[in-house]
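# Residue-level structural notes
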Amino acid sequence: MKKLFLKSALYVFLIICCLELSVRALHLYTEVPTRYIDNHGVEKSLPNQKGFAVTGNRRQNYSEYNINNSGFNSFREFTPTKEGVEIAIIGDSFIEGMHQNYFNSIGKKVEDRLNDVEVYEYGYAGYDLSNQLHLMNAYKEDFEFIDHIIIYLKYESDLINDTYTPNKERIELLESPLFKIRDQFKLLSYTTKIGVMDPIKNLALILTKKNKPAIFPSNVSIKQATIDLKLLENFKSLTSKYSFDKNKVSFLLNSEETSTTFLNYCHDNNYQVIDYSKVFKESDKSPTLIYDQHWNDHGRDLVATVIADYFKNRINL
């Protein structure tokens, strides 16, 4: 019996070793950049990192990322000046662009469609409007040199907070020994990414997470109009706290996924909007990836064209 147990343990060990080597050889695992909160309270990636982001159980998406000196995935460094023309695009994972090679990012696509313009991509997974406005305020001196600012806004998720609070818990979790071990053990990293370890991960989150009040209780039926009013109040609170030049800032959004109440408020109060809903709706090809709703290369082409046309028509670029 003891001999059978030892042989079984040996076979299991050898199988795990073979699987680990296979995952490494085929690069099925994703390389996650180290993240941190800087001295300004801005959450971003540690500067000067390179790697490959992998999505799907058969490496459905394999793209290279490049974290620049400012701590954001980009094909260029951010060096705004009074003389040049710069456009900043601020947003979450859609702007961070880990699903696309950094040298073929949405910022690069916009640059290719405009003349003598530099595009800076301040993208970070998990950013909402509170993060975005805090970023602009924290780096106020840099943003004063930047000529035009685009804030990517997902209405259903980016207006949940009415104030900014650094997410220290997330950083502590990502930098915990458990996550460090996972990242070193590529088979574990891979199986976690494709959902094999979800039951264990969900149990760990349930046991460790702190209770946080939801914007609306999950067991209460809330009318959409009430939700819209709450989100609008959050928007008013944030824009009041972090004031900015309305002529310099535009909100990039899909109007078909945005409340009419919010759109009307933006119109009545002279907030500039760049709407990409029409090109998405009229496209013969899907603008999103097959396994999630992030933009694919075609979708990024469409959004980049809308942004470029917006500036060509209004600012003579």
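To keep things clear, this report deals only with the structure shown in the data block. (Residues numbered from 1 in each chain as written. Predicted model: local features only at pLDDT ≥ 70, side-chain atom pairs only at ≥ 80, totals over all residues. Heavy atoms only, no water.)

### Brief notes about the overall build of the protein
Helix and strand counts for the protein come out as 14 helices and nine strands. Across the 317 residues that make up the protein, the buried fraction comes to 44%. Pairs at least 24 apart in sequence give 69% of the contacts found in the protein among residues at least 6 apart. Counting every atom, the protein has about 17500 Å² of accessible surface; 54% of that belongs to carbon and sulfur. (Helix = DSSP H or I, 4+ residues; strand = E, 2+ residues; numbered from the N terminus. Buried < 20%, exposed > 50% of the residue type's maximum accessible area, 1.4 Å probe, protein only. Contact = heavy atoms within 4.5 Å. Areas by Shrake-Rupley, 256 points an atom, 1.4 Å probe, with all protein chains shown as cover.)

### As for the pairing of strand S8 (residues 249-253)
Counting buried positions along S8 yields five of five residues, so the element is predominantly enclosed. Residue alternation in S8 divides its side chains into two sets, Val249, Phe251 and Leu253 and Ser250 and Leu252, and both sets are buried. As defined by bridge partners, S8 adjoins strand S9 (residues 272-275) across four bridges and the pair is classed as parallel. Residue pairing for S9: Leu252 is matched across the bridge by Ile274. Handedness of the crossover is the feature at issue here: the chain leaves S8, passes through helix H12 (residues 260-268), returns alongside S9, and the resulting connection is right-handed. (Pairing = 2+ DSSP bridges. Right-handed = clockwise from strand over helix to strand, strands pointing away.)

### Let's talk about the sheet that holds strand S5 (residues 86-91)
Strand order in this open sheet of five strands is S6-S5-S7-S8-S9, and the pairing throughout is parallel. The sheet is open, and its two edges are formed by strand S6 (118-123) and S9, each paired on a single side. In this sheet, neighbouring strand axes are inclined to one another by 25 degrees on average, regardless of whether the strands run parallel or antiparallel. (Axes fitted to C-alpha atoms, helices over the stretch in contact; angles between N-to-C directions.)

### Considerations on the packing of aromatic side chains
In this structure the tally under the stated criterion is 24 aromatic pairs. Measuring from centroid to centroid gives 5.5 Å for Phe94 and Tyr152, while their planes differ by 40 degrees, and the two rings are tilted. Residue Phe94 is found in helix H2 (residues 93-96), and its partner Tyr152 is found in strand S7 (residues 148-152); the two are separated by 58 residues along the sequence. For Phe94, a relative accessible area of 8% gives the class buried. An angle of 75 degrees between the planes, with centres 5.3 Å apart, marks the rings of Phe235 and Tyr271 as edge-to-face. With Phe235 in helix H11 (residues 224-241) and Tyr271 in the loop between H12 and S9, the pair connects residues that are 36 residues apart, well separated along the chain. Accessibility expressed as a relative area gives 0% for Phe235, which makes it buried. For Tyr271, a relative accessible area of 11% corresponds to the buried category. An aromatic cluster of three or more residues is present, and its members are Tyr155, Phe235, Phe244, Phe251, Phe262, Tyr265 and Tyr271. The residue whose ring lies beneath Arg35 is Tyr124, and the NZ or CZ to ring-centre distance is 4.7 Å. (Phe/Tyr/Trp six-rings, centres within 6.5 Å; stacked < 30°, edge-to-face > 60°. Lys NZ or Arg CZ within 6 Å of the ring centre and 35° of its normal.)

In short, the description is geometric, and any link to function would need to be established separately.
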